Amino acid sequence: MLTHVFTRTLLAATLSVGAFSAWSHGDVTPQPVDTGALPDLGKELRAENPFREGNEHGSLNEEAIKIGRSGYAGNCAVCHGIEAMSGGLTPDLRELEEWDDEYFIGRVTNGTGRGMPSFKDNLDQTAIWAIRTYVESLPKPE
């Protein structure tokens, strides 16, 4: 009898965790991002953030941060946390380094197949790099 109660409790706990995990991903329907005065970066994906200071469009870094903040709030925060402070269920994007640019653009564009949707049909690379620029502007986790 005790084994039956334990099994039922374990099953209920497992279902609760599964439901919470599904709920915690929330509504990840991609939201459009107005890229304003940032240049259209075209279709061919770049391997490095063009809005990083010292790069091709580094002079637009502050504008990219502003646009990226809005894009992050509408597309990323529900899973990756406010100001990229992940609750542990998803990667902490503040831990990405400069050499992770290609990884970042690939993940955002193609999704993961494990919960993160593909944004290739909803966000152009200008918006994606603006989001990356915003995340880079945040303090690193301690």
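The rules behind the values
Residues numbered from 1 in each chain as written. Predicted model: local features only at pLDDT ≥ 70, side-chain atom pairs only at ≥ 80, totals over all residues. Heavy atoms only, no water. Helix = DSSP H or I, 4+ residues; strand = E, 2+ residues; numbered from the N terminus. Buried < 20%, exposed > 50% of the residue type's maximum accessible area, 1.4 Å probe, protein only. Areas by Shrake-Rupley, 256 points an atom, 1.4 Å probe, with all protein chains shown as cover. Arc of directions from axis to C-beta. Contact = heavy atoms within 4.5 Å. pLDDT = per-residue confidence, 0-100. Axes fitted to C-alpha atoms, helices over the stretch in contact; angles between N-to-C directions. Parallel < 35°, antiparallel > 145°, perpendicular 65-115°, else oblique. Left-handed = near helix turned anticlockwise from the far one by under 90°. Salt bridge = Lys/Arg side-chain N within 4 Å of Asp/Glu carboxyl O. Polar contact = N/O pair within 3.5 Å; in protein donor to acceptor, adjacent residues only side chain to side chain. Core = buried A, V, L, I, M, F, W, Y, C linked by side-chain atoms within 4.5 Å.

A. Examining the overall build of the protein chain more closely. Each helix and strand counted, the protein chain has 5 helices and 0 strands in total. In the protein chain, the succession of α and β elements from N to C terminus is α-α-α-α-α. Here the protein chain holds 142 residues, and the buried ones make up 37% of them. In the structure as shown, the protein chain presents an accessible area of about 8,900 Å², 56% of it carried by carbon and sulfur atoms.

B. Quick peek at helix α4 (residues 101-110). Within α4, burial applies to Asp101, Phe104, Ile105, Val108 and Thr109. Looking straight down α4, one finds that the buried residues subtend no more than 115° of arc, so they occupy a single side. On its buried side, α4 packs onto α5 (125-137). Within two residues after α4, Gly111 carries a phi angle of roughly 75°, on the positive side.

C. Focus on the confidence of the model for the protein chain. Scored by pLDDT, the protein chain has a mean of 84; 80% of the residues are at 70 or more. Mean pLDDT per element in the protein chain: helix α1 (residues 2-25) is the minimum at 44, and α5 is the maximum at 98. Confidence over residues 10-26 falls short of pLDDT 50; this stretch has 9 contacts with residues more than four positions distant or in other chains.

D. Here's a closer look at the packing of α4 against α5. Where α4 contacts α5, the axes come no closer than 11 Å and their chain directions differ by 125°. Regarding the angle of α4 to α5, the classification is oblique. Viewed along their axes, α4 and α5 form a crossing whose handedness is right-handed. Packed against α4, whose contacting residues are Asp101, Phe104, Ile105, Val108 and Thr109, the element α5 presents Gln125, Ile128, Trp129, Ile131, Arg132 and Glu136 at the interface.

E. Representation of the packing of helix α2 (residues 61-75) against α5 in the model. Their axes nearest at 7 Å, the elements α2 and α5 cross at an angle of 100°. On the basis of their axis angle, the class for α2 and α5 is roughly perpendicular. Counted together, Asn61, Ala64, Ile65, Ile67, Gly68, Arg69, Gly71 and Tyr72 of α2 and Ala130, Ile131, Thr133, Tyr134, Val135 and Ser137 of α5 form the full contact between these two elements.

F. Structural view of the pattern of salt bridges. Scanning the model with the defined rule gives 8 salt bridges in all. In this structure, the salt-bridge partner of Glu136 is Arg52, at a minimum N-O distance of 2.4 Å. Linking Glu136 in helix α5 with Arg52 in the loop between α1 and α2, this pair joins segments that are 84 residues apart in sequence. Glu136 gets classed as partly exposed once you look at its relative accessible area, which sits at 28%.

G. Molecular detail of the side chain of Asp101. Position of Asp101 among the secondary structure elements: in helix α4. Side-chain polar atoms of Asp101 contact the side chain of Arg52, separated by 2.7 Å. Filtering out sequence-adjacent residues up to four positions away, Asp101 remains in contact with Ala47, Glu48, Asn49, Arg52, Trp129, Arg132 and Glu136.

H. How the structure looks around the environment of Ala130. With respect to the helices and strands, Ala130 occurs in helix α5. We classify Ala130 as buried; its relative accessible area is 0%. Here the alpha-carbon distance between Ala130 and Leu60, two residues 70 residues apart in the chain, equals 9.7 Å.

I. View of the nonpolar core. Within the largest apolar cluster, 26 residues are counted, with the highest numbers of intra-cluster contacts made by Tyr72 and Leu123. Elements with a minimum of two residues in this core: α2, α4 and α5. It is α5 that provides the largest number of residues to this core, a total of 7 residues.

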